[in-house]
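# Fold and contact review
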Amino acid sequence: MKKALLIGSGILILVFWWHALLELLLHAVLIVLEILELLVDTVLEHVGLTLYEAQMVTAWLGFGVFTLLMIVGLKKANTAVQRLKTQTPLWWEEEKARLEAMRSSLRWPAALVVLVALLVLALIV
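These figures come from a predicted structure and were not determined experimentally. (Residues numbered from 1 in each chain as written. Predicted model: local features only at pLDDT ≥ 70, side-chain atom pairs only at ≥ 80, totals over all residues. Heavy atoms only, no water.)

## Notes on the pattern of salt bridges
- Counted under the stated rule, the structure contains two salt bridges.
- The partner of lysine 96 in a salt bridge is glutamate 93, with the nearest N and O atoms 3.7 Å apart. Taken together, the positions of lysine 96 and glutamate 93, both in helix H2 (residues 51-105) and three residues apart, correspond to about one turn of that helix. (Salt bridge = Lys/Arg side-chain N within 4 Å of Asp/Glu carboxyl O. Helix = DSSP H or I, 4+ residues; strand = E, 2+ residues; numbered from the N terminus.)

What follows is the structure, given as structure tokens:
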């Protein structure tokens, strides 16, 4: 029960406050990146580079890290998409069979009530 309550409250928080949570997450990421940039600049200046050289090395280092992260992320995304492509047809057939069994068990008035309720829900949300 506690797990369901936590999941439900988490979903409600995401539904109603997704914009605020996204803003907080982006601010946290930017602060971490700024701190890392400052640390790298400081270390490079202590090594003996000038301020301009340290900033240039930091910028190129950041670009390289960003490029590597993008390549790794795209490879993982491609793997996930390929996995979904193989699993989706089987899931879709199972869902169609389940929905057909559910629909055939309902009489037409009950199906009409469900359809109207779904339409009203779609208009409200």
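## Here we look at the packing of aromatic side chains
- Considering all chains together, one arrives at two aromatic pairs under this definition.
- Aromatic pair tryptophan 60 and phenylalanine 63: ring centres 5.9 Å apart, planes at 90°, arrangement edge-to-face. With tryptophan 60 and phenylalanine 63 both in helix H2, this residue pair falls three residues apart, about one helical turn.
- The exposure class assigned to tryptophan 60 is exposed, which follows from its relative accessible area of 58%. (Phe/Tyr/Trp six-rings, centres within 6.5 Å; stacked < 30°, edge-to-face > 60°. Buried < 20%, exposed > 50% of the residue type's maximum accessible area, 1.4 Å probe, protein only.)

## Considerations on the layout of surface pockets
- In this structure, the largest pocket occupies an estimated 410 Å³ of space.
- Taken together, 14 residues make up the lining of the largest pocket; nearest its centre are Leu33, Leu36, Glu37, Thr58 and Gly62.
- Going through the elements one at a time, helix H1 (2-47) and H2 are the ones with two or more residues in the lining of the largest pocket.
- A breakdown of the residues in the lining of the largest pocket according to their chemical character gives eight nonpolar, three polar and three charged. (1 Å grid on protein atoms, 1.4 Å probe; cavity = no way out; pocket = protein on both sides within 12 Å on 5 of 7 lines; lining within 4 Å. Points joined across faces, edges and corners; volume = space filled by probe spheres on them. Nonpolar A, V, L, I, M, F, W, Y, C, P; charged D, E, K, R; others polar.)

## Comments concerning the confidence of the model for the protein chain
- When pLDDT is averaged along the protein chain, the result is 88; 99% of the residues meet or exceed 70.
- Within the protein chain, H2 carries the highest mean pLDDT (90), whereas helix H3 (residues 108-124) carries the lowest (83). (pLDDT = per-residue confidence, 0-100.)

## Section: H2
- The terminal C-alpha atoms of H2, which comprises 55 residues, lie 75 Å apart, in line with the 81 Å expected from a rise of 1.5 Å per residue.
- Among the residues of H2, those classed as buried are Ala54, Thr58 and Glu95.
- Elements that come into contact with the buried residues of H2 comprise H1. (Expected span 1.5 Å × (residues − 1). Contact = heavy atoms within 4.5 Å.)

## Quick look at a nonpolar patch on the surface
- Taken together, Trp18, Leu22, Leu25, Leu26, Val29, Leu30, Ile31, Val32, Leu33, Ile35, Leu36 and Leu39 make up a surface patch of nonpolar side chains, about 1,200 Å² in accessible area.
- Here isoleucine 31 is to be found in helix H1. (Patch = residues over 30% accessible without salt bridge, like charges linked within 9 Å, V, L, I, M, F, W, Y side chains within 5 Å. Areas by Shrake-Rupley, 256 points an atom, 1.4 Å probe, with all protein chains shown as cover.)

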